[in-house]
Amino acid sequence: MSIALTTAGLSKNYGALQVTRAVDFSLPVGARHALIGPNGAGKTTFINLLTGTVPATSGSITLLGEDITGQRPDQRVKRGLARTFQVTSLFPELTPMQSVTLAVCERLGLTARWYKRTGEHRAALDEAAEILARLHLGHVGHLLTRTLPYGQQRIVEVAVALALRPRVLLLDEPAAGIPSGESAELFEVIAELPEDISLLFIEHDMHLVSRFASRVTVLVAGGILAEGTPAEIMANPEVRTVYLGNSEGHA
Amino acid sequence: MTPSCPPSTAEAGWLRRRGGEIALWLAVPLAVALFLPEYYLLATHVAALGLFALSLDLLVGYAGLLSLGHAMFFGIGAYTAGLLAVHGWGEPISGLLIAALVAGLVGFITSFAVVRVQHLAQLMVTLGFGLLVFEAANRARWLTGGDDGLQGMVVSPVLGLFEFDLFGQTAFFYTFVVLALCFIVATRVIDSPFGLTLEGLRENPKRMAAIGTPTAARLRQAYVFAAVFAGIAGALMAQTSQFVALETLSFGLSAEVLIMLLLGGAGHRYGGLVGAAVFVIARDLLSDLNPQYWQFGVGGVMVLVVLFAPGGVLGILRSLRQRLLPVARTSTAKAAPATPATKGGAA
């Protein structure tokens, strides 16, 4: 099985505070991998380290066989690493169509071009429209993003990331803030993603995790506590005490 | 059907919209020539300052960059064209191009520092550069004439045909045509993927990095564009008045152009032009009454605009139109649904 993404000894310190401790992690091509852990375990920091938003203190990150540890976030995106944000991070005054077109244009290397109207780049527009249609956003593509219901904004997050045709997609709590009934809907969209995209997602709801992930990594206090199939993780007594113990009631 | 583009002002009927614009661009100079020939000078000022405000709009309204030193490029363009004309290079069009080049070059060099920072720090960096250049021009009296201004410009006829006359007719049409050409280029920039990228950077730079945009490089590119247009505006002002005042580099002018833009409405493409027209005409009228009225009036109007009509004149018009035409007009183009034009609208 070939590997899409690996980290070796990846660490992040803020002064004396260690938020990521020597994480050795690997994500096979086509994975559906969940990252879980209690609040403050360093899950989002781990994603930020992978994307380069936060520079690593030590260790290395390898994407599709290439060491990307020293690269800027935008360079990593160009190599096939895309993400969504836990707190919706979109373009409020642009429409979903504009936002996705923007991402498509960036992937195609068109965003430095000023001498041709966006409307003349038909292929980019068609592709953006196709992505919106696939994610059931076609009918709201022309509305300002800030006017959309939150659930749809979460899907726009995914649409913008997908427009980059990522090889590895990192989803930071994609369903955060959505009523639980609708979050399954969002995960249906995610489940329909092409097989060759390797997925790493942070999610709290163990039902969703066991339904959509084939493997799970548990992060506690910045280090990996356990890794395995959802069933193994649910059965792991250590995990149950540290993480699931307090949420067993509603799980 | 002509495909409508997603960014900014797209709505159904590209031709119809552009048709109205073209008619307007032809009607304005015609109206000035037929009915207000005694106002050629004023109209020339409006056109040159309108271009200057438009250049600032690319930064403030589109890219979300802030500047309190934009007069630096206006002044550099003016002094470049002025010095050329003083030293025997009177051909105006090549003078414009050289002025644009010099302003663009200075823009490129300073852009590295400007896009490194944001918000207040950006205001300070641009302000600092502006003050540096102002003081340098003030001290280099042998070159610039210092606070006496640059005198002795001899500008050749435009295209070798149209001599600059006493009534300012040539000056007006020359300025207006250059403004129109620059406006076409600016419109193209705004409607391009690059323009869309600038709007994305204004809305959310963090997300732009996350979609793979080299954000600093794009902002620098925008800064150079703005510097080039500002340089052309300054050169127009110098060539048509055959004089360059030290004030073209001043902080006061940087502030005034920002006022013009906010008055007209930032991020509206026409905001700078409308703002410059309102500003220059109001100054002309009020200064005739009493110079103090002008300062007083512009201060009061500015506070009112920022508090009650943050979209400026065009923002007011736009929200009026939306109120009168409440049904959002949408295109039926399947691939590119049109966007109701709502960017930066008034409250």
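Cut-off values and rules
- Residues numbered from 1 in each chain as written.
- Chains lettered and ligands numbered in written order.
- Predicted model: local features only at pLDDT ≥ 70, side-chain atom pairs only at ≥ 80, totals over all residues.
- Helix = DSSP H or I, 4+ residues; strand = E, 2+ residues; numbered from the N terminus.
- Rg over C-alpha atoms; globule rule 2.2 N^0.38 Å.
- Buried ≥ 20, exposed ≤ 12 C-beta atoms within 10 Å, placed from the backbone.
- Contact = placed C-beta atoms within 7 Å.
- UniProt positions renumbered as here; feature names shortened; annotations may be inferred.
- Pairing = 2+ DSSP bridges.
- Axes fitted to C-alpha atoms, helices over the stretch in contact; angles between N-to-C directions.
- Core = buried A, V, L, I, M, F, W, Y, C linked by C-beta atoms within 7 Å.
- Domains from an automatic or database assignment.
- Nonpolar A, V, L, I, M, F, W, Y, C, P; charged D, E, K, R; others polar.
- pLDDT = per-residue confidence, 0-100.

Novice: Which parts of the structure should I look at to understand the overall build of chain A?
Specialist: In terms of regular secondary structure, chain A is built from 9 helices and 10 strands. For 251 residues, the compact-globule formula gives about 18 Å, and the C-alpha radius of gyration of chain A, at 18 Å, lands near that figure. Counting only C-alpha atoms and orienting by the principal axes, one finds that chain A spans roughly 60 × 40 × 35 Å. Each of the 251 residues in chain A was classed as buried or not, and the buried ones make up 49%. For chain A, contacts bridging at least 24 residues in sequence account for 65% of all contacts bridging at least 6.

Novice: Explain the overall build of chain B here, please?
Specialist: Scanning chain B from terminus to terminus reveals 14 helices and 0 strands. The N-to-C order of helical and strand elements in chain B reads α-α-α-α-α-α-α-α-α-α-α-α-α-α. Evaluated residue by residue, chain B yields a buried proportion of 52% over its 347 residues. Taking contacts inside chain B between residues at least 6 apart in sequence as the whole, the part at least 24 apart equals 78%.

Novice: Which parts of the structure should I look at to understand the UniProt feature "transmembrane region" (unreviewed entry) in chain B?
Specialist: Residues and elements named next belong to chain B. With numbering matched to this structure, UniProt assigns "transmembrane region" (unreviewed entry) to residues 22-40, 96-115, 171-190, 222-245, 257-281 and 293-317. Secondary structure across residues 171-190 divides into 100% helix and 0% strand, with the first and last C-alpha atoms of the span separated by 28 Å. Secondary structure within residues 222-245 divides into 83% helix and 0% strand; the distance between the first and last C-alpha atoms comes to 27 Å.

Novice: What's the story with the environment of B:Met208 in this structure? I'm lost.
Specialist: All names here are of chain B. For methionine 208, the position within the fold is in helix 9 (residues 205-210). Since 26 C-beta atoms lie within 10 Å of it, methionine 208 is described here as buried. Spatially, the C-alpha atoms of methionine 208 and leucine 198 are 9.6 Å apart, while their sequence positions differ by 10 residues. Those residues in contact with methionine 208 that sit more than four places away from it in its chain are Gly200, Leu201, Thr213 and Thr215.

Novice: What exactly am I supposed to notice about the pairing of strand 9 (residues 215-220) of chain A here?
Specialist: For a regular strand, the rule is simple: side chains alternate between the two faces of the sheet. Residues and elements named next belong to chain A. Strand direction decides the pairing type here: strand 3 (residues 32-36) and strand 9, joined by 4 bridges, are parallel. Across the sheet, the residue bridging to leucine 35 is threonine 217, located in strand 9. When strand 9 meets strand 10 (residues 223-228), the two strands line up antiparallel, connected through 5 bridges. Looking at the pairing, leucine 219 lines up with isoleucine 224 of strand 10. Taking the residues that link successive antiparallel strands as the turn, the strand 9-strand 10 hairpin has 2 residues, and the phi of alanine 221 there is positive, at about 50°.

Novice: Teacher, can you tell me more about the sheet that holds strand 10 of chain A here?
Specialist: Pairing between sheet strands relies on hydrogen bonds along the backbone, with the strands arranged either parallel or antiparallel. Residue and element names in this part refer to chain A. Within the open sheet, the 6 strands sit side by side as 6-7-8-3-9-10. Their pairing is mixed. At either end of the open sheet lies a strand with only one pairing partner, and these are strand 6 (81-84) and strand 10. With strand direction ignored, the average angle separating the axes of adjacent strands in the sheet is 20°. In this structure, strand 7 (residues 168-172) lies alongside strand 8 (residues 198-202), joined through 5 bridges in parallel fashion. Each bridged residue has a counterpart across the sheet, and for aspartate 172 the counterpart in strand 8 is isoleucine 202. Relative to the sheet, helix 1 (residues 43-51) contacts strand 3, strand 6, strand 7, strand 8 and strand 9, its axis offset from that of strand 7 by approximately 150°. Strand contacts of helix 5 (residues 150-162): strand 6 and strand 7, with the helix running at about 170° to strand 6, the strand carrying the most contacts.

Novice: Is there a simple way to explain the sheet that holds strand 5 (residues 66-67) of chain A in this structure?
Specialist: Residues and elements named next belong to chain A. The 4 strands lie next to each other as 2-1-4-5, forming an open sheet whose pairing is antiparallel. Only two strands of the sheet have a single partner each, and these edge strands are strand 2 (17-28) and strand 5. The strands that helix 1 touches are strand 1 (3-14), strand 2 and strand 4 (58-63); relative to strand 2, the one it contacts most, it runs at about 65°.

Novice: Where do I start with the nonpolar core in this structure?
Specialist: Among the nonpolar cores identified, the biggest contains 176 residues, and A:Ala159, B:Phe229 and B:Ile232 are the most heavily contacted of them. Looking at this core, you find at least three residues from each of domain 1 (1-80 + 166-251) and domain 2 (89-165) of chain A. The residues touching A:Ala159, leaving out its near neighbours within four places in the chain, are A:Pro96, A:Val100, A:Ile131, A:Leu132, A:Leu135 and A:Leu137.

Novice: Would you take a moment to explain unusual backbone geometry for this structure?
Specialist: Residues apart from glycine generally show negative phi values, whereas peptide bonds are mostly found in trans. Residue and element names in this part refer to chain A. Notably, alanine 22 is not glycine yet its phi reads approximately 40°, a positive angle. Mapped onto the fold, alanine 22 is located in strand 2. Judged by local crowding, alanine 22 falls into the partly exposed class, with 15 C-beta atoms found within 10 Å. Phi is positive for leucine 64, which is not a glycine, with a value near 50°. You can see leucine 64 is positioned in the loop between strand 4 and strand 5. Given 17 C-beta atoms within 10 Å, leucine 64 falls into the partly exposed group.

Novice: Mind showing me how you'd approach the pairing of strand 3 of chain A here?
Specialist: Residue and element names in this part refer to chain A. A large share of strand 3 lies buried, amounting to 4 of its 5 residues. Where strand 3 meets strand 8, 4 bridges bridge the pair, whose relative direction is parallel. The partner of arginine 32 across the bridge, within strand 8, is leucine 199.

Novice: Mind showing me how you'd approach the interface of chain A and chain B here?
Specialist: Bring the parts together and some accessible area is lost; that lost area is often taken as the interface size. Listed by partner, the interface residues are 40 residues for chain A and 37 residues for chain B. Of all the secondary structure elements, the ones that give two or more residues to the side of chain A that touches chain B are helix 2 (73-78), helix 3 (96-107) and helix 4 (122-134) of chain A. Residues belonging to the side of chain A that touches chain B are distributed by class as follows: 19 nonpolar, 11 polar and 10 charged.

Novice: Sorry, what's going on with the domain arrangement of chain A here?
Specialist: All names here are of chain A. Split into domains, chain A comes out as domain 1 (1-80 + 166-251) and domain 2 (89-165). Of the residues lining the interface, 11 residues belong to domain 1; the matching set on domain 2 comes to 9 residues. A per-element tally of the side of domain 1 that touches domain 2 places helix 6 (residues 180-191) first, with 4 residues. Split by residue class, the side of domain 1 that touches domain 2 holds 9 nonpolar, 1 polar and 1 charged.

Novice: Which parts of the structure should I look at to understand the confidence of the model for chain A?
Specialist: Close inspection of predicted coordinates is inappropriate for parts of the model with low pLDDT. Residue and element names in this part refer to chain A. Averaged over every residue, the pLDDT of chain A is 90; the share at 70 or more is 96%. Across chain A, element-level confidence peaks in helix 3 with a mean pLDDT of 96 and bottoms out in helix 9 (residues 237-244) with 79. In this model residues 247-251 is a low-confidence stretch, pLDDT under 50, and it forms 2 contacts with partners more than four residues away in sequence or in other chains.

Novice: How should I be thinking about the environment of B:Ala103 in this particular structure?
Specialist: Residue and element names in this part refer to chain B. Tracing the chain through its elements places alanine 103 in helix 4 (residues 92-114). On a C-alpha basis, the gap between alanine 103 and threonine 240 in space is 18 Å, while along the polypeptide they are 137 residues apart. Not counting the four nearest positions on each side in its chain, alanine 103 is found in contact with Phe73, Ile76, Gly77, Ala227, Val228, Ala230 and Gly231.

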